[in-house]
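The primary structure of each chain is shown beneath.
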Amino acid sequence: MATPDTLSAPIDLARVRTLFSRPQRVERSDFLRREIAARMHERLMLVKVTPKRVLDAGCGSGADLALLQKDYPAAHIVGLDAAAAMIEAAKTPASALKSLNQMLSRLLPGKAGVDLLCGDFGSLPFGPNSVDLVWSNLALHWHPQPDRVFAEWRRVLRQDGLLMFSNFGPDTLRELRTAFAEADAGSGTGTGTGSAPTAHVLPFVDMHDFGDQLVEAGFSTPVMDMEVITVTYDTAAALLADARALGGNPLATRRRGLFGRAAWQRMLAALERQRRADGKLGLSFEVIYGHAFRPAPRVTAAGEAIIRFEPRKGR
């Protein structure tokens, strides 16, 4: 059982699965996932790895699977997602790769191709030291215990295996957070502590906290960086549609009753007051990128220290 201090937020994982149970609902926001996947890919190409097995943790409808298979045609690619509907959606594009998989199985030793699994990426159905590369694009922020997820990813990675991930940071959806806070303040439901708006918008973990968690989980040389991507809209309706399509609100503490018409109008008015000089409404996404390696062990299973000696050159 998670204790409050280990929770990134009181996220209801069953609610997350429900929110992603209709792939067509989240499809309209896929442009952002594809853009961030491309930026992750640029970072991945700077790291020279030749993985035999790649895990796409939180693969969604599978758009990144073809990208990974193109880079590593000899590898066994596994897509895993907690939402069964997303795995079903991923089977359609994966079927287009079926003939390629069959050809690779004839030409390359071992198991090449793509497999799909439904499961929790915080409790993986793999043994230790079984994966060479864990890739996770905009999935980690849907789990209430990222520290547990990092520990699990390290468990399945082989020595010198690579973790590469992206997720949203604290400044994501700040315009919506501000607008809902103003609406709550106007209705007298705010607490004055800043906690009320989190019932409307998922809070996100800071980049530096993730770096600390990676080290605590046993990863070496974690590299973290971030950027803010702003998407602009002509109307509040279009902005809100994309915000919903990104997943929605999985918080166990979310407002359960209807958001009244007057409060909704206050929220829309607060959004309108944030229009930019060019007349557009902006929606910010703080995107965190991280990668780290699983290092060689420093002690044996019996607790004895391992000392490695590098051979001297020229002898």
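Refer to the structure presented above.
These numbers come from a predicted model, not from an experiment.

Participant: How would you sum up the side chain of Glu-152? Please name residues and give values.
Facilitator: Assignment of secondary structure puts Glu-152 in helix H7 (residues 146-156). Only 2.8 Å separates the side chain of Glu-152 from the side chain of Arg-155, close enough to count as a polar contact. When sequence neighbours within four positions are dropped, the list of residues in contact with Glu-152 reads Phe-121, Gly-122, Ser-123 and Leu-124.

Participant: So what's going on with the packing of helix H3 (residues 30-44) against helix H4 (residues 63-71)? Which residues, and what values?
Facilitator: Contact pair H3 / H4: the axes reach a minimum separation of 11 Å and the direction vectors enclose 20°. Classified by the angle their axes make, H3 and H4 are roughly parallel. Crossing hand, H3 versus H4: right-handed. Taking contact as the criterion, the partners of Arg-34, Ala-37, His-41 and Leu-44 in H3 are, on H4, Ala-63, Asp-64, Leu-67, Leu-68 and Asp-71. Residue composition of the contact of H3 with H4, by class: five nonpolar, one polar and three charged.

Participant: Just give me the short version of unusual backbone geometry, but keep the residues and values in it.
Facilitator: Excluding glycine, residues mostly have negative phi values, and the peptide bonds linking residues are mostly trans. Even without being glycine, Asn-129 reaches a positive phi, approximately 55°. The residue Asn-129 is located in the loop between strand E3 (113-118) and strand E4 (131-137) in this model. A positive phi is found at Leu-173, a non-glycine position, where the angle reads about 60°. For Leu-173, the location among the structural elements is in the loop between strand E5 (157-168) and helix H8 (174-187).

Participant: Talk me through a negative patch on the surface; I want residue IDs and the actual numbers.
Facilitator: On the surface, a cluster of negative charge is made up of Asp-206, Asp-209, Asp-212 and Glu-216. Within the element layout of this structure, Glu-216 appears in helix H9 (residues 207-217).

Participant: I'd like a rundown of the nonpolar core, residues and numbers included.
Facilitator: Counting residues in hydrophobic clusters, the biggest one holds 54 residues, and the most contacted among them are Ile-36, Phe-168, Leu-176, Met-267 and Phe-285. The residues touching Phe-168, leaving out its near neighbours within four places in the chain, are Leu-32, Ile-36, Leu-138, His-141, Phe-204, Val-205, Leu-246, Phe-285, Glu-286, Val-287 and Ile-288. Ranked by size, the runner-up nonpolar core spans 27 residues in total, among them Phe-150, Met-207, Phe-210 and Ala-292.

Participant: For the environment of His-291, give the residues involved together with the corresponding values.
Facilitator: You can see His-291 is positioned in strand E7 (residues 281-293). A sequence separation of 128 residues divides His-291 from Leu-163, and the C-alpha atoms of the two residues are 5.3 Å apart.

Participant: Describe the packing of helix H10 (residues 236-245) against helix H11 (residues 261-272), with residues and values.
Facilitator: Running from N to C, H10 and H11 point in directions that differ by 105°, and their axes come no closer than 11 Å. On the basis of the axis angle, H10 is roughly perpendicular to H11. Of the residues in H11, those touching H10 at Ala-236, Leu-239, Leu-240 and Arg-244 are Trp-264, Met-267, Leu-268, Leu-271 and Glu-272. Per-class residue counts for the contact of H10 with H11 are seven nonpolar, no polar and two charged.

Participant: Let's hear about H11: which residues, and what values?
Facilitator: Under the 1.5 Å per step criterion, the end-to-end length of H11 is 16 Å for twelve residues, consistent within 8% with the ideal 16 Å. Within H11 the residues assigned to the buried category are Ala-263, Met-267, Leu-268, Ala-270 and Leu-271. Buried residues of H11, seen end-on, are gathered within an arc of 160° and therefore sit on one face of the element. Of the residues in H11, the exposed ones pointing more than 90 degrees away from the buried face are Arg-261 and Ala-262.

Parameters and conventions
- Residues numbered from 1 in each chain as written.
- Predicted model: local features only at pLDDT ≥ 70, side-chain atom pairs only at ≥ 80, totals over all residues.
- Heavy atoms only, no water.
- Helix = DSSP H or I, 4+ residues; strand = E, 2+ residues; numbered from the N terminus.
- Polar contact = N/O pair within 3.5 Å; in protein donor to acceptor, adjacent residues only side chain to side chain.
- Contact = heavy atoms within 4.5 Å.
- Axes fitted to C-alpha atoms, helices over the stretch in contact; angles between N-to-C directions.
- Parallel < 35°, antiparallel > 145°, perpendicular 65-115°, else oblique.
- Left-handed = near helix turned anticlockwise from the far one by under 90°.
- Nonpolar A, V, L, I, M, F, W, Y, C, P; charged D, E, K, R; others polar.
- Patch = residues over 30% accessible without salt bridge, like charges linked within 9 Å, V, L, I, M, F, W, Y side chains within 5 Å.
- Areas by Shrake-Rupley, 256 points an atom, 1.4 Å probe, with all protein chains shown as cover.
- Salt bridge = Lys/Arg side-chain N within 4 Å of Asp/Glu carboxyl O.
- Lys, Arg positive; Asp, Glu negative; His and termini not counted.
- Charge placed at Lys NZ, Arg CZ, Asp CG, Glu CD.
- Core = buried A, V, L, I, M, F, W, Y, C linked by side-chain atoms within 4.5 Å.
- Buried < 20%, exposed > 50% of the residue type's maximum accessible area, 1.4 Å probe, protein only.
- Expected span 1.5 Å × (residues − 1).
- Arc of directions from axis to C-beta.

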